[in-house]
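Remarks on the overall topology
The lines below spell out each chain.
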There are 2 protein chains.
Amino acid sequence: MPPSPIETGDLAVDVIDITDRDDPRVDDFRDLNSVDRRPDLPVLPGGRPGKGLVIAEGVLVVARMIASRFSPHAFLGVDKRLTELRADLSDPSVAGLPFYRASAEVMADIVGFHLNRGVLGVARRPETLAAADLATTASTIAVLEGVNDHENIGSVFRNAAGLGVDAVLFGAGCADPLYRRCVRVSMGHALLVPFASAANWPHDLTMLRDNGFEIVSLTPDESAVPLSQAVTGAKVAFMVGAEGPGLTETAMRAGDIRARIPMARGTDSLNVATAAAIAFYERASRAER
Amino acid sequence: MPPSPIETGDLAVDVIDITDRDDPRVDDFRDLNSVDRRPDLPVLPGGRPGKGLVIAEGVLVVARMIASRFSPHAFLGVDKRLTELRADLSDPSVAGLPFYRASAEVMADIVGFHLNRGVLGVARRPETLAAADLATTASTIAVLEGVNDHENIGSVFRNAAGLGVDAVLFGAGCADPLYRRCVRVSMGHALLVPFASAANWPHDLTMLRDNGFEIVSLTPDESAVPLSQAVTGAKVAFMVGAEGPGLTETAMRAGDIRARIPMARGTDSLNVATAAAIAFYERASRAER
């Protein structure tokens, strides 16, 4: 056992030193980069195995996981990060949970690479929310269709949280928002901003309209209304598609209005998370104008 | 020599087949990922060698390099990309330049990894522009301080081009905007949007003010003016700092006004390129309100 450089007596978690990379107690943190064994692989349809866990990475994201509805059941980290997380790890909500403390080398052996951020939290996926839940509680929603890039989804969550968007609704063709890389890029906001997947796409958009939402489709189409003139409702859903193809015509027909961000000639559309941030800003800044 | 699947007679470039990875004619494309040998390493002060070349990667970016002031002197690519670039490679501006055609395998051996985008252009760095040139010709300028992340700089260029910003001015502490990764993330706009480095930072900002620019510092500081109320001048320079530290107090004092994007409580500042995009949008959308 290495000596304990910090006094662990005031922590709510149970600090357990790990010196053997094969210790089965840290199996939930193993092979994070493995395509087919990573612990945050969703439980797949057709019986294909996946642990369906959620991994938080780094001090900030682990702290946000503790504050979220994704209750962690264990942590793995180096002593330095344990110290940095002292306040969060003293919270009654983590009482009795194991904090597996390891050297950077043993930790690298477990997760499969050297993890700069030095600390991980792991949670089971809670029950998913329903689109109807979002429709009745939110006043600004981001709706994504075909966004299959994890970093873009993470950035949408980060921008949503920063600019006052209450929820994210996933239409067809989107990637898993609970993949580690997405959670990290979101700065943990993928765990804090409520989200749901539309079971019936794009029909579920009528649920938003029935709850008073104006559904604004973002498109580079020059015949669309300028964004600054499109956002007028008390409840707004901004719908964005993947870079390149954009929203499907079917999805846009299910929306209320098509809006465009003014773009210079000869340029491409903006990155999807950037376009979404501009729409969120348009709404957030409305009260100040 | 492999057979030529396309008719190269109407091309302005001179197609030369490369089958030997050690062929010295393709030295400018060698070891693209090497920290100390990559050809786009700037010529460093103190006599340390660097080729100081600029590398364009992929069909779109190579086409933009051809259209830019960064005149390419050679290309390297697989036959498929040569075909896709046919129109651009028939332009008189590239007449007689070598297009080194290689298999994907030989190309991977030369550049040091498998390059999905399959085509490269290389140019020498042209004379740098002066801050004074930007101040007299532009009406919207992005000013960066301490932004040392290549992808963020690339995104700033992309957003600048898309949202009608005329030029980028680099203050102290910024990374090289002509690194391959930056050029790629910018979608080639780092080659098209004029930029300059401030020789005397932040004193050179007075040059902008003398030319009628309102200098707006973006900051999360709650005592700052909302961005929607800050952007009023006919000429505007938006100043942004790196994620985390933000702008230095010295830089902000050299500006005219501090502006904030309305942020939700308990969230972090936005990514620097996203914050810049929002400022660019605020200005671009002003005419429509």
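Residues numbered from 1 in each chain as written. Chains lettered and ligands numbered in written order. Predicted model: local features only at pLDDT ≥ 70, side-chain atom pairs only at ≥ 80, totals over all residues. Heavy atoms only, no water.

- Chain A has the name rRNA methyltransferase in an unreviewed UniProt entry, where Williamsia phyllosphaerae is given as its organism.

**Describing helix α3 (residues 104–111) of chain B**
All names here are of chain B.
- Within the sequence span of α3, burial applies to Val-106, Met-107, Ala-108, Ile-110 and Val-111.
- Considering only its buried residues, α3 is in contact with β3 (72–77) and β5 (119–124).
- At the C-terminal side of α3, Gly-112 shows a positive phi close to 105°. (Buried < 20%, exposed > 50% of the residue type's maximum accessible area, 1.4 Å probe, protein only. Helix = DSSP H or I, 4+ residues; strand = E, 2+ residues; numbered from the N terminus. Contact = heavy atoms within 4.5 Å.)

**Here we look at a negative patch on the surface**
- On the surface, a cluster of negative charge is made up of Asp-149 and Glu-151 of chain A together with Asp-149 and Glu-151 of chain B.
- Topologically, Asp-149 of chain A is positioned in the loop between β6 (140–145) and α5 (150–162). (Patch = residues over 30% accessible without salt bridge, like charges linked within 9 Å, V, L, I, M, F, W, Y side chains within 5 Å. Areas by Shrake-Rupley, 256 points an atom, 1.4 Å probe, with all protein chains shown as cover. Salt bridge = Lys/Arg side-chain N within 4 Å of Asp/Glu carboxyl O. Lys, Arg positive; Asp, Glu negative; His and termini not counted. Charge placed at Lys NZ, Arg CZ, Asp CG, Glu CD.)

**Structural notes on the pattern of salt bridges**
- Applying the stated criterion across every chain yields a total of 48 salt bridges over all chains.
- In this structure, the salt-bridge partner of Arg-209 of chain A is Asp-256 of chain A, at a minimum N-O distance of 2.7 Å. With Arg-209 of chain A in helix α8 (residues 205–210) and Asp-256 of chain A in the loop between α10 (249–254) and β12 (257–260), this pair connects stretches of sequence that are 47 residues apart.
- Given a relative accessible area of 40%, Asp-256 of chain A falls into the partly exposed group.
- In this structure, the salt-bridge partner of Asp-23 of chain B is Arg-25 of chain B, at a minimum N-O distance of 2.9 Å.

**As for the relation of the copies chain A and chain B**
- When chain A is fitted onto chain B, the two copies agree to an RMSD of 0.0 Å after a turn of 180° and an axial shift of 0.0 Å. Classification of the inter-copy transformation places it as that of a two-fold axis.
- In this assembly, 100% of the residues forming the interface of chain A have copies in chain B that are likewise at the interface, indicating an isologous arrangement. (Least-squares fit on C-alpha atoms with pLDDT ≥ 70 in both.)

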